[in-house]
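A structural walkthrough
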Amino acid sequence: MVDDPDAFLAALERPLPKSFRVNTLKASAEQVKSGMESYGFGLRQMEWCHEAFVSDSLGIGATLEHFTGMIYIQELASMLPPVIVKEELENARIVLDGCAAPGSKTTQIAAIMRNRGTIIANDLDYERIRALKFNLEKSGVINTIITNYDLQHLPDQSYDVVILDAPCSAEGTIRKHDHIFDSWSPRAVSSYSGNQRVLILKAFDLLKPGGTMVYSTCTFAPEENELVVDHLLNNREGSSLERVSVEGFKTCNGITEYEGKIFDPRVASCVRVWPHHNDTGGFFLAKVRK
Amino acid sequence: MNRRMRRHEDQDRGPKKEQMDASEVKENTLKYFEERFGFPRAIFDGYSIYMGPKGRLYLGPAKVPPNLRIVSPGLLIARADSGIKPSTNLFQLFGNLVDRNIISLSKEQTEKFVMGTDMILSKTDLGDASDGYVLVRYLDYNLGCALLKGTTLKNMVPKAKRLALNFI
């Protein structure tokens, strides 16, 4: 599956770069850049998202910019779901973030929507909702309602955009969480996959005709990625995929075959993010149209 | 009236909520924000104000699907259970629009303030600020809310937000 296994394994051994996103509800990228450079930080601005920066200092959490919510500390790959539907979000009136906690994507969506329209930030885990609420308020998010449903049972409503960053086995976060494989098992992958197949159908059903959904995970397992998207394409007429591309960010196409199973050829339009290509965590993204 | 209540009355903490209904509380809060801090009402246009428990007021989206059970709506902007206390998060978002009752801190004072420390100010630090809630700033950074009484600045930064700054 991987183009360069040695480079892939070497990347997993390295710690993740320290990255953050400028919260444009409170400050511009230029303002934050000049403030943080005055502390002597070396910053690299991402070509594919002008609000995204990598810092050479470990101290980004102990700055005034962090205290005042002008920046949000976030892994680069996790910024991708809102980035690939930026235009849709700018025009959206109502958006669902289906598995929202702890809020990195919700705060990014709110910034893209300039705090207008409505976001429903839902999460099943009530404990994680505390972190979600804290992060939304710290970021100055107004246009968001927090709900606590099992997404399967979210009351019917039509959304312009749905973000489904699904609970997953999180294999792609190994650079951040050394012990992620302690809880990993083929059974866990299979259990996540079953849940994801239920959630992706529900999320699709919540879309308005013409609406857009992002399905994403931070894992490598095809059972939780292409197989789930294949399940959607097979079970919902009117679902289609849009090719995901992020200018200046290297991605690979979704795989169309795994362990003898042939997927709908359209799943090649999904993308896999490998850690060694952009020095990030691992990620998977699909952009679905209704 | 006991001493504690009198002390509250001496300061400009906005009207009490006694026997006020929700719309009155909302109206009084906006009026207080406008008079004490110069917040233009227009910043609240296009949003709804929600009332939560313990006098908590939230600024949230105007349009919400009616069939949803809401856990939390938008941004906590004030607590209006005993006087009106603006939230630190409101000041950090809209602080640039405040034009009065501002306390500007030095670098050293800022380091203490963000850690949650109360402090005694010199008279020259006070500027035009009068007793009551104030916006606290360092340069262009809106740090949050504090309660000024005389030269004492009582810190209102929520515990979860407090931070030891290494870079300023």
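No experiment lies behind these values; they were computed from the predicted model shown. (Residues numbered from 1 in each chain as written. Chains lettered and ligands numbered in written order. Predicted model: local features only at pLDDT ≥ 70, side-chain atom pairs only at ≥ 80, totals over all residues. Heavy atoms only, no water.)

Topic: the domain arrangement of chain B
Where the parts come together, the accessible area they lose is often given as the size of the interface. All names here are of chain B. Defined as follows: For each domain, the first and last residues come from an automatic or database assignment. Here, residues are in contact when the closest pair of their heavy atoms is within 4.5 Å. In short, buried area is how much 1.4 Å probe accessible area vanishes from two parts on joining, totalled over both. Salt bridges, as used here, are contacts in which a Lys or Arg side-chain nitrogen is within 4 Å of a carboxyl oxygen on Asp or Glu.
Each assigned domain of chain B is listed with its residue range as follows: domain 1 (3-86) and domain 2 (99-161). On the side of domain 2, 13 residues touch domain 1, which itself brings 13 residues to the contact. Together, the buried faces of domain 1 and domain 2 total about 1100 Å²; carbon and sulfur atoms form 50% of this surface. Counting every contact that joins domain 1 to domain 2 gives zero salt bridges.

Considerations on the side chain of K202 of chain A
Residues and elements named next belong to chain A. Filter applied, for reference: Numbering of helices and strands starts at the N terminus; helices are DSSP runs of H or I of at least 4 residues and strands are runs of E of at least 2. Each residue is assigned to one of three classes by its accessible area relative to the maximum for its type, calculated with a 1.4 Å probe on protein chains only: buried under 20%, partly exposed between the two thresholds, exposed over 50%.
Counting through the fold element by element, K202 comes out in helix α8 (residues 186-205). Note on K202: relative accessible area 14%, which makes it buried. For K202, the contacting residues outside a window of four places in its chain are L151, Q152, L154 and D156.

Overview of empty space enclosed by the protein
Where empty space is left can be seen by rolling a probe of water-molecule size over the atoms. Quick reminder of the rule: Using a 1 Å grid laid over the protein atoms alone, points where a 1.4 Å probe fits but cannot get out form a cavity; open sets with protein on both sides within 12 Å along at least 5 of 7 lines form a pocket; any residue with an atom within 4 Å of a point counts as lining. Grid points are joined across faces, edges and corners, and a volume is the space filled by probe spheres set on the points. Throughout this entry, Asp, Glu, Lys and Arg are counted as charged residues, while Ala, Val, Leu, Ile, Met, Phe, Trp, Tyr, Cys and Pro are counted as nonpolar. The remaining residues, Gly among them, count as polar.
Taken as a whole, this structure holds two cavities of 30 Å³ or more when the rule is applied. Taken as a whole, the largest cavity encloses approximately 40 Å³ of empty space. Together, K133, L136, E137, V141, T144 and I146 of chain A together with S72 and G74 of chain B line the largest cavity. If you list the elements that add at least two residues to the lining of the largest cavity, you get α7 (126-138) and β7 (144-147) of chain A. Its residues assigned to classes, the lining of the largest cavity shows three nonpolar, three polar and two charged.

Some words on the layout of surface pockets
For the second largest pocket, the calculated volume is near 920 Å³. In this structure, the second largest pocket is lined by 31 residues; those nearest its centre are K133 and E137 of chain A together with R56, L76 and P158 of chain B. Mapped onto the lining of the second largest pocket, the elements with two or more residues apiece are α7 of chain A together with β2 (56-61), β4 (75-79), β5 (85-86) and α3 (88-94) of chain B. Counting residues per element, the lining of the second largest pocket draws most heavily on α7 of chain A, which supplies seven residues. Split by residue class, the lining of the second largest pocket holds 14 nonpolar, five polar and 12 charged.

Some words on the sheet that holds strand β2 (residues 43-46) of chain A
The pairing of strands in a sheet happens through backbone hydrogen bonds and is either parallel or antiparallel. Residues and elements named next belong to chain A. Just so we agree on the cut-off: Whether two strands pair comes down to DSSP finding at least two bridges between them. Angles shown run from 0 to 180 degrees and are taken between the N-to-C directions of axes, each axis being a line fitted to C-alpha atoms and, for helices, limited to the stretch in contact.
As summarised here, the arrangement of the four strands in space is β2-β3-β1-β4, forming an open sheet in which the pairing is antiparallel. Bordering the open sheet on either side are β2 and β4 (71-73), each of which pairs with just one other strand. The mean angle between the axes of side-by-side strands here comes to 30 degrees, regardless of whether they run parallel or antiparallel. Bridging between strand β1 (residues 18-22) and strand β3 (residues 49-55) involves four bridges; their strand directions are antiparallel. The partner of K18 across the bridge, within β3, is S55. The sheet strands contacting helix α2 (residues 29-37) are β1, β2, β3 and β4, and the helix crosses β2 at an angle near 165 degrees.

A closer look at the environment of V71 of chain B
Residue position: V71 of chain B is located in the loop between β2 and β3 (72-73). Not counting residues up to four positions away in its chain, the partners in contact with V71 of chain B are Y126, I129, I146, T147 and N148 of chain A.

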